[in-house]
Amino acid sequence: MLVPLPKLLKKAQDVFNAWIRERDKDRPCISCGKAGNQAGHYFPVKGFSGLRYDENNVHLQCAYCNCYQHGNQAMYRIGLVNRIEERKVKELEQKALDDRVKKWSRNELNEIIQKYK
């Protein structure tokens, strides 16, 4: 049976976010330095779907920064520069301009699920 695309998209996001939380489990919130438990996107999924599964775009964040501070973007960028360096942040920002909206295919989503499982 074919899984509906929205369910496949959610499954890929869940698997990817769990991988991010595991990758960053010994690191603090990228924005404020407190303990974090969420996979926060520098460029949000809404409006920047092309970066939804980009490892440089997603890092551990606390719920306060991610949800109530809308990602705490200014501090996120500072933390991102410290973590991946300015050159990679600029590459990510250019990628956001170039690949702002992406329609993910079933094959791409299945590959993401397999890669990050």
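To be clear, the structure that these remarks concern was listed above.
All values reported here derive from a predicted model rather than from experimental measurement. (Residues numbered from 1 in each chain as written. Predicted model: local features only at pLDDT ≥ 70, side-chain atom pairs only at ≥ 80, totals over all residues. Heavy atoms only, no water.)

A few words on unusual backbone geometry. Note: most residues except glycine have negative phi, and most peptide bonds are trans. In this structure, His 70 takes a positive phi of about 50° despite not being glycine. Assignment of secondary structure puts His 70 in the loop between helix H2 (63-68) and helix H3 (73-84). Judged by relative accessible area, which is 68%, His 70 ranks as exposed. Of note, Glu 85 is a non-glycine position whose phi angle comes to about 80°, a positive value. Assignment of secondary structure puts Glu 85 in the loop between H3 and helix H4 (86-98). (Helix = DSSP H or I, 4+ residues; strand = E, 2+ residues; numbered from the N terminus. Buried < 20%, exposed > 50% of the residue type's maximum accessible area, 1.4 Å probe, protein only.)

As a further point, take the side chain of His 59. Within the secondary structure, His 59 sits in strand S2 (residues 58-61). A polar atom in the side chain of His 59 sits 3.0 Å from the backbone oxygen of Asn 56. In this view, His 59 contacts Ile 20, Arg 23, Asp 24, Ile 30, Gln 38, Ala 39, Gly 40, Tyr 76, Leu 80, Arg 83 and Ile 84; residues no more than four positions away in its chain are not counted. (Polar contact = N/O pair within 3.5 Å; in protein donor to acceptor, adjacent residues only side chain to side chain. Contact = heavy atoms within 4.5 Å.)

So, about the packing of helix H1 (residues 5-23) against helix H5 (residues 106-116). Direction vectors running N to C along H1 and H5 enclose 25°, while the axes themselves pass 9 Å from each other. With respect to each other, H1 and H5 are oriented roughly parallel. Note that H1 runs across H5; the crossing there is left-handed. The segment H1 lies against H5, with Leu 5, Leu 8, Leu 9, Lys 11, Ala 12, Val 15, Phe 16 and Trp 19 engaging Arg 106, Leu 109, Asn 110, Ile 112, Ile 113 and Tyr 116. Across the contact of H1 with H5, the residue classes break down as 11 nonpolar, one polar and two charged. (Axes fitted to C-alpha atoms, helices over the stretch in contact; angles between N-to-C directions. Parallel < 35°, antiparallel > 145°, perpendicular 65-115°, else oblique. Left-handed = near helix turned anticlockwise from the far one by under 90°. Nonpolar A, V, L, I, M, F, W, Y, C, P; charged D, E, K, R; others polar.)

Under the defined criterion, the tally for this structure stands at eight aromatic pairs. Here Tyr 42 and Phe 43 contribute two aromatic rings whose centre-to-centre distance is 4.8 Å and whose plane-to-plane angle is 70°, an arrangement assigned as edge-to-face. Judged by relative accessible area, Tyr 42 falls into the buried class, the value being 8%. Aromatic pair Phe 43 and Phe 48: ring centres 4.9 Å apart, planes at 55°, arrangement tilted. (Phe/Tyr/Trp six-rings, centres within 6.5 Å; stacked < 30°, edge-to-face > 60°.)

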